Amino acid sequence: MGDLIESMRRRTSIRAYSDRPVEQGVKESIRALLEAHGRGPFGNAVRLGLVDLTQMEQAEARSLGTYGFISGARLYVAAVVRDAPGAMPDVGYCLEQVVVKLTHLGLGTCWLGGTFKRASFAEKLSLSGDEVIPAITPVGYARDSRPARERVMRRFVGADQRKPWETLFFDGSMDRPLRREAVGEYAVALDCLRLAPSASNMQPWRIIKAGDAATFHFLLKRSPGYGRLLKAADLQLVDMGIAMCHFELAARESGLDGAWSANGPCPAGAEHVISWKGR
Ligand SMILES: Cc1cc2nc3c(=O)[nH]c(=O)nc-3n(C[C@H](O)[C@H](O)[C@H](O)COP(=O)(O)O)c2cc1C
């Protein structure tokens, strides 16, 4: 199994971090990753900033909080983007590239789209007028065991469950579930997509495989009542970018080539976001 496929299988959200500091050399690897993933498939520039609380006064570090949802983390990566078409999936795609590679380095992460003090991070990262911070993640070494509070929270959102294949993946149209045998080598890419993190674990992605071709249409099925809760971010579109990242990383690591294309169908009740055309 390839390294990144293994990392995608292993990753879970980490909310409690150990005291072990992230070493200087590892911080440099993180910085290199942030620089390498600055543009998404929709062409938006995504600025990934590293916020290091160890270099701050205590009061300032406290202001960059997460309302108690995250404990012990002293490093954060924040995604900054200009609000433009495709900006949200590009944020999902770019930051998840980093998350998967950090997992490979043995570091823990946790996507945060809601539970962080957005205004304080915005100030720290000197945002210009039309920039937003759709999401951030803490980065650090996981504590040995999950505290009870985190376990309760995971149970609440059903964090360990994923929807079954047949309700996520379709063959030609959304009334025909996709059989695993019908996708050949793409089965691993779809497995990895299914393991992607999503806001409140809603898994809003639906994939339609087109006919006999290695073409996969990525559709967003919005969760009722989950619309644009936050002005700063359309989190379900961020989820789509994360799913694109998992699918593409796994496909490429399986030796499958292809490219993203803007054209695709839009069945009732779902929004077409992008399509993968295998070569
Ligand atoms: C875009 C996005 C936003 C999220 N926002 C939060 C958040 O504000 N607070 C939080 O505790 N977890 C947040 N999560 C983490 C999800 O709850 C978590 O990914 C999901 O429950 C699946 O669990 P897993 O990541 O351990 O597989 C977010 C995840 C995503 C992808």
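Residues numbered from 1 in each chain as written. Predicted model: local features only at pLDDT ≥ 70, side-chain atom pairs only at ≥ 80, totals over all residues.

**Focus: the overall build of the protein**
Consideration 1: Scanning the protein for helices and strands turns up nine helices and ten strands.
Consideration 2: Since a compact globule built from 279 residues should have a radius of gyration of about 19 Å, the 18 Å found for the protein is in line with a globular shape. (Helix = DSSP H or I, 4+ residues; strand = E, 2+ residues; numbered from the N terminus. Rg over C-alpha atoms; globule rule 2.2 N^0.38 Å.)

**Description of unusual backbone geometry**
Consideration 1: A positive phi angle, close to 45 degrees, is found at Ser-126, a residue other than glycine.
Consideration 2: Along the chain, Ser-126 turns up in the loop between α5 (118-124) and β4 (131-140).
Consideration 3: For Ser-126, a count of 9 C-beta atoms within 10 Å gives the class exposed.
Consideration 4: Here the phi dihedral of Ser-200 falls at roughly 55 degrees; this positive angle occurs in a residue that is not glycine.
Consideration 5: Tracing the chain through its elements places Ser-200 in the loop between α8 (187-194) and β7 (205-210). (Buried ≥ 20, exposed ≤ 12 C-beta atoms within 10 Å, placed from the backbone.)

**Let's talk about the site of the ligand**
Consideration 1: Around the ligand there are 21 residues in total, and Trp-111, Gly-113, Gly-114, Pro-197 and Asn-201 lie nearest to it.
Consideration 2: Considering every element that reaches the shell around the ligand, the biggest residue donor is helix α9 (residues 235-253), with four residues.
Consideration 3: Per-class residue counts for the shell around the ligand are twelve nonpolar, eight polar and one charged.
Consideration 4: If you count residues domain by domain, the shell around the ligand takes at least three from each of domain 1 (3-149) and domain 2 (157-278). (Near = placed C-beta within 6 Å. Nonpolar A, V, L, I, M, F, W, Y, C, P; charged D, E, K, R; others polar. Domains from an automatic or database assignment.)

**Considering the domain arrangement of the protein**
Consideration 1: Per the domain assignment, the segments of the protein are domain 1 (3-149) and domain 2 (157-278).
Consideration 2: Just the C-alpha atoms count here: the centres of domain 1 and domain 2 sit 23 Å apart.
Consideration 3: At the interface, 24 residues of domain 1 touch 26 residues of domain 2.
Consideration 4: Of all elements in the fold, only α1 (3-10), α4 (87-104) and β4 reach the threshold of two or more residues within the side of domain 1 that touches domain 2.
Consideration 5: No other element matches α4, which puts nine residues into the side of domain 1 that touches domain 2.
Consideration 6: Residue composition of the side of domain 1 that touches domain 2, grouped by class: 14 nonpolar, six polar and four charged. (Contact = placed C-beta atoms within 7 Å.)

**Comments concerning the sheet that holds strand β8 (residues 215-220)**
Consideration 1: Spatially, β6-β5-β7-β8-β10-β9 is the arrangement adopted by the six strands of the open sheet, whose pairing is mixed. Lying at the two open borders of the sheet, with one neighbouring strand each, are β6 (173-177) and β9 (258-261). Pairwise comparison of adjacent strand axes, ignoring direction, gives a mean angle of 35 degrees for this sheet.
Consideration 2: Sheet analysis places strand β5 (residues 169-171) next to β6, joined by two bridges and oriented antiparallel. Considered in β6, the bridge of Phe-170 is made with Pro-177.
Consideration 3: Contacts from α9 reach β7, β8, β9 and β10 (271-278) within the one sheet, and its direction differs from that of β8 by about 160 degrees. (Pairing = 2+ DSSP bridges. Axes fitted to C-alpha atoms, helices over the stretch in contact; angles between N-to-C directions.)

**What to know about the nonpolar core**
Consideration 1: With 76 residues, the main nonpolar core has Ala-79, Val-91, Ile-136 and Phe-218 as its most contacted residues.
Consideration 2: The element that contributes the greatest number of residues to this core is α9, accounting for twelve residues.
Consideration 3: Built from parts of two domains, this core gets at least three residues from each of domain 1 (3-149) and domain 2 (157-278).
Consideration 4: Here Phe-218 is in contact with Trp-205, Ile-207, Met-240, Ala-243, Met-244, Val-273, Ile-274 and Ser-275, once residues within four sequence places are set aside. (Core = buried A, V, L, I, M, F, W, Y, C linked by C-beta atoms within 7 Å.)

**Considerations on the environment of Ser-71**
Consideration 1: Here Ser-71 shows up in the loop between α3 (58-63) and β2 (75-82).
Consideration 2: In sequence terms Ser-71 and Pro-147 are 76 residues apart; their C-alpha atoms lie 9.9 Å from each other.
Consideration 3: Residues within four places of Ser-71 in sequence aside, it is in contact with Arg-15, Ala-16 and Tyr-17.

**A word on α1**
In an α-helix there are 3.6 residues to a turn, and that puts residues three or four apart on one side.
Consideration 1: The complete set of buried residues in α1 reads Leu-4, Ile-5 and Met-8. Within α1, the buried residues cover an arc of 105 degrees as seen down the axis, which keeps them to one side.
Consideration 2: Its buried side turned inward, α1 meets α4, α8 and α9. (Arc of directions from axis to C-beta.)

**A few points about the packing of α4 against α9**
Consideration 1: Their axes nearest at 6 Å, the elements α4 and α9 cross at an angle of 50 degrees. Of the possible angle classes, the one that applies to α4 and α9 is oblique. Of the two elements, α4 crosses α9, and the hand of that crossing is right-handed. Contacts between α4 and α9 involve Met-88, Pro-89, Asp-90, Val-91, Gly-92, Tyr-93, Glu-96, Gln-97 and Val-100 from the first element and Leu-237, Val-238, Asp-239, Met-240, Gly-241, Ile-242, Met-244, Cys-245 and Leu-249 from the second. (Parallel < 35°, antiparallel > 145°, perpendicular 65-115°, else oblique. Left-handed = near helix turned anticlockwise from the far one by under 90°.)

**With respect to the packing of α1 against α4**
Consideration 1: Orientation of α1 relative to α4, taken along the N-to-C sense of each, is 95 degrees, at an axis distance of 9 Å. Between α1 and α4, the crossing angle belongs to the class labelled roughly perpendicular. Facing Asp-3, Leu-4, Ser-7, Met-8 and Arg-10 of α1, the residues of α4 in contact are Val-100, Thr-103 and His-104.
Consideration 2: Broken down by class, the residue content of the contact of α1 with α4 amounts to three nonpolar, three polar and two charged.

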